[in-house]
Amino acid sequence: VFFQASLLPYLAFLYFLSFRGNRTPSLGNFGWQFLLLFVLSTIPGGIISKSTYGVSLADCDWLHGSAEALLTATNVLIVLGFKEAMTKSTEEIDAKKNDAFKLAAVGGFGLFAAFAALGPGTLGFEAHSPFLFGVGGLGEDAVAGLPWVIHSEPENALSIPTWAIHFSSVFEFLFAMGIIWDYAEATDNPKWKGLTWGMLPLHASGIAACTYHFFYNPSSLQFLVSTQAGLTLLGNITVAIAAFRIAASNGWTIGDLNPFPKSNTSPEGIVVDELAAAPVSLVLREKTESTVELAAKLAALTLGASYAVKYGELALDLPFEPNAFAGAAIVAGIPALTAFQFYNRSEKEGGGEGGFSIPGFGGGGEDGEQGLSMADVKKYGVAGTLAYDHNPLPLLAVAVPE
């Protein structure tokens, strides 16, 4: 029920994120939209795994890994899109290259559809056939020879490629959270930091899934699946709220829900259209690492975590003795550390989404407090500018404490 209910807020999120006044990076915006194909892929994946093999999608490695690869593609597109927008001007962005990335992602969905259709019969895949034929995995004798191993893997253990897909998705999502935070600084619009905070429950949802797999998907920890679904619903709501705040700061009004074009003389419409047509005003950052370096770092983190978990947990009793308390602690603990990291970052940067205060009004205040200037107003985007120009009261609606 949670998964089905999460679709509507996600569509609202996409609507607000795509508002023309935001000028959201095209490739990053496409990445968020591409997530819908990942969601779509889990439907036939779940049907095939249950009807053909009698197991859940989580226990059917080749289908599981194939579907999750689409989530990895989503996160890669988001990271590349926002990272490029901060390091290149609009004129420098290679639209053809980005179109190639989009086409490759759609092609990946086509491959999934082909494998899902042909895998059970034509290709002869079994329930526990490993994703990508288990490339990179150690043989049974090699695993048994590891000095720390005290347990044997169950047949539904994730393969190295499937673990790699999961960990790459987790790390990419963390990269995306950080890059979107930086994008707020580059655009001088702190509302984008709210999107990073809104992504936190989705990060926790991914951790819940990995925790369930760490314990080899036992029925006794089925609550982790429900937790994952609940966190997905919560996360879709929080990112929708964050995207609404971004759109509102860039001139979105309730009138934009009207499908018919606005009057050419509408002040709000003119300002928003001019903003949407203008080049994105960014404080461009020097590229601290190339795409190749970022990919190398991701690969190192992904492979290191995959091998450490798959073969390292064979030295522990915990994964083979499902413990609800331990599972809940992992799901709560890792996202809490992530939240603490961004909280500290916010405090070091002087508040922003972590602690914002409204600038003083008037021509000057006590203790040297400065009045509200046009530069202050511009921090709230088009909505703030219009309020400043026409009426001071609407500004209170957008200048709420962060």
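Heads up: the structure comes first, above all this text.
Residues numbered from 1 in each chain as written. Predicted model: local features only at pLDDT ≥ 70, side-chain atom pairs only at ≥ 80, totals over all residues. Heavy atoms only, no water.

Draft legend 1. Representation of the environment of Leu 174 in the model. Looking at the element boundaries, Leu 174 is found in helix H7 (residues 160-187). Sequence-wise, Leu 174 and Asn 75 are 99 residues apart; in three dimensions their C-alpha atoms are separated by 9.4 Å. The residues touching Leu 174, leaving out its near neighbours within four places in the chain, are His 203 and Thr 338. (Helix = DSSP H or I, 4+ residues; strand = E, 2+ residues; numbered from the N terminus. Contact = heavy atoms within 4.5 Å.)

Draft legend 2. Structural context of helix H13 (residues 324-348). In this model, H13 (25 residues) spans 36 Å end to end at C-alpha, consistent with the 36 Å of a helix rising 1.5 Å per residue. Residues of H13 that are buried include every one of Ala 326, Gly 327, Val 331, Pro 335, Thr 338, Ala 339, Phe 342 and Ser 346, and no others. Those residues of H13 that are buried are in contact with H7, helix H8 (191-198), helix H9 (200-214) and helix H10 (223-249). Measuring from the side-chain oxygen of the N-cap residue of H13 to the backbone nitrogen of Phe 325 gives 2.9 Å; that N-cap residue is Asn 323. (Expected span 1.5 Å × (residues − 1). Buried < 20%, exposed > 50% of the residue type's maximum accessible area, 1.4 Å probe, protein only. Polar contact = N/O pair within 3.5 Å; in protein donor to acceptor, adjacent residues only side chain to side chain.)

Draft legend 3. Here's a closer look at the packing of H7 against H9. It is the contact of H7 with H9, at a shortest axis distance of 11 Å, that shows an interaxial angle of 160°. Taken together, the axes of H7 and H9 are roughly antiparallel relative to one another. For H7 against H9, the interelement crossing comes out left-handed. From H7, Trp 163, His 166, Val 170, Phe 173, Leu 174 and Met 177 reach across to H9, where they touch Leu 200, Leu 202, His 203, Ile 207, Cys 210, His 213 and Phe 214. In terms of residue class, the contact of H7 with H9 is built from 10 nonpolar, three polar and no charged. (Axes fitted to C-alpha atoms, helices over the stretch in contact; angles between N-to-C directions. Parallel < 35°, antiparallel > 145°, perpendicular 65-115°, else oblique. Left-handed = near helix turned anticlockwise from the far one by under 90°. Nonpolar A, V, L, I, M, F, W, Y, C, P; charged D, E, K, R; others polar.)

Draft legend 4. The arrangement of the packing of aromatic side chains in detail. Using the criterion set out here, one finds 22 aromatic pairs in the structure. Relative to Phe 244, the ring of Phe 16 has its centre 5.3 Å away and its plane inclined at 75°; by these criteria the two rings are edge-to-face. Separated by 228 residues along the polypeptide, Phe 16 in helix H2 (residues 7-17) and Phe 244 in helix H10 bring together distant segments of the chain. With relative accessibility at 13%, the residue Phe 16 sits in the buried group. When the ring of Phe 115 is compared with that of Phe 125, the centres are 6.4 Å apart and the planes differ by 15°; the resulting orientation is stacked. (Phe/Tyr/Trp six-rings, centres within 6.5 Å; stacked < 30°, edge-to-face > 60°.)

Draft legend 5. Broad picture of the layout of surface pockets. Size it by volume and the largest pocket reaches roughly 1400 Å³. Lining the largest pocket are 42 residues, with Phe 3, Phe 38, Thr 42, Gln 228 and Thr 232 sitting closest to its centre. Going through the elements one at a time, helix H1 (2-5), H2, helix H3 (26-53), helix H4 (61-87), H7, H9 and H10 are the ones with two or more residues in the lining of the largest pocket. Looking at which element gives the most residues to the lining of the largest pocket, the answer is H3, with 10 residues. Looking at the lining of the largest pocket residue by residue, the class counts come to 23 nonpolar, 18 polar and one charged. Surrounding the second largest pocket, 28 residues form its lining, Leu 138, Glu 140, Glu 153, Pro 154 and Lys 310 being those nearest its centre. By residue number, the principal contributor to the lining of the second largest pocket is helix H6 (residues 140-144), which donates three residues. (1 Å grid on protein atoms, 1.4 Å probe; cavity = no way out; pocket = protein on both sides within 12 Å on 5 of 7 lines; lining within 4 Å. Points joined across faces, edges and corners; volume = space filled by probe spheres on them.)

Draft legend 6. The arrangement of a nonpolar patch on the surface in detail. Taken together, the side chains of Leu 111, Phe 115, Leu 118 and Leu 123 present a nonpolar region at the surface, about 350 Å² in accessible area. Within the secondary structure, Leu 111 is located in helix H5 (residues 95-118). Residue classification places Leu 111 among the exposed positions, given a relative accessible area of 53%. (Patch = residues over 30% accessible without salt bridge, like charges linked within 9 Å, V, L, I, M, F, W, Y side chains within 5 Å. Areas by Shrake-Rupley, 256 points an atom, 1.4 Å probe, with all protein chains shown as cover. Salt bridge = Lys/Arg side-chain N within 4 Å of Asp/Glu carboxyl O.)

Draft legend 7. View of the side chain of Thr 196. Relative to the elements of secondary structure, Thr 196 occurs in helix H8. Under the relative-accessibility criterion, Thr 196 is labelled buried at 1%. In this structure, Thr 196 is in contact with Met 177, Ile 180, Trp 181 and Phe 342, ignoring residues within four places of it in sequence.

Draft legend 8. Just the nonpolar core, in detail. Membership of the largest hydrophobic core comes to 81 residues, with the highest contact counts inside it found for Phe 13, Trp 32, Leu 63, Phe 82, Trp 192, Leu 195 and Met 199. Setting aside its immediate chain neighbours within four residues, Phe 82 contacts Thr 24, Pro 25, Gly 28, Trp 32, Ile 179, Ile 180, Tyr 183 and Trp 192. (Core = buried A, V, L, I, M, F, W, Y, C linked by side-chain atoms within 4.5 Å.)

Draft legend 9. How the structure looks around H8. Counting buried positions along H8 gives seven out of eight residues, so the element sits mostly inside the fold. When H8 is considered as a whole, its buried residues turn out to be Lys 191, Trp 192, Lys 193, Gly 194, Leu 195, Thr 196 and Gly 198.

Draft legend 10. Quick peek at unusual backbone geometry. A positive phi angle, near 55°, is found at Leu 132, a position not held by glycine. Looking at where Leu 132 falls in the secondary structure, it is placed in the loop between H5 and H6. Of note, the phi angle at Asn 217 is positive, near 55°, even though the residue is not glycine. In this fold, Asn 217 is placed in the loop between H9 and H10.

Draft legend 11. Focus on the pattern of salt bridges. Following the criterion strictly, the structure yields eight salt bridges and no others. A salt bridge links Glu 185 to Lys 193; the shortest N-O distance between them is 2.4 Å. Exposure remark for Lys 193: the relative accessible area of 5% places this residue in the buried category. A salt bridge links Glu 349 to Arg 345; its shortest N-O distance comes to 3.3 Å. What makes Glu 349 partly exposed here is its relative accessible area of 36%.

Distances and angles like these do not, on their own, reveal function.
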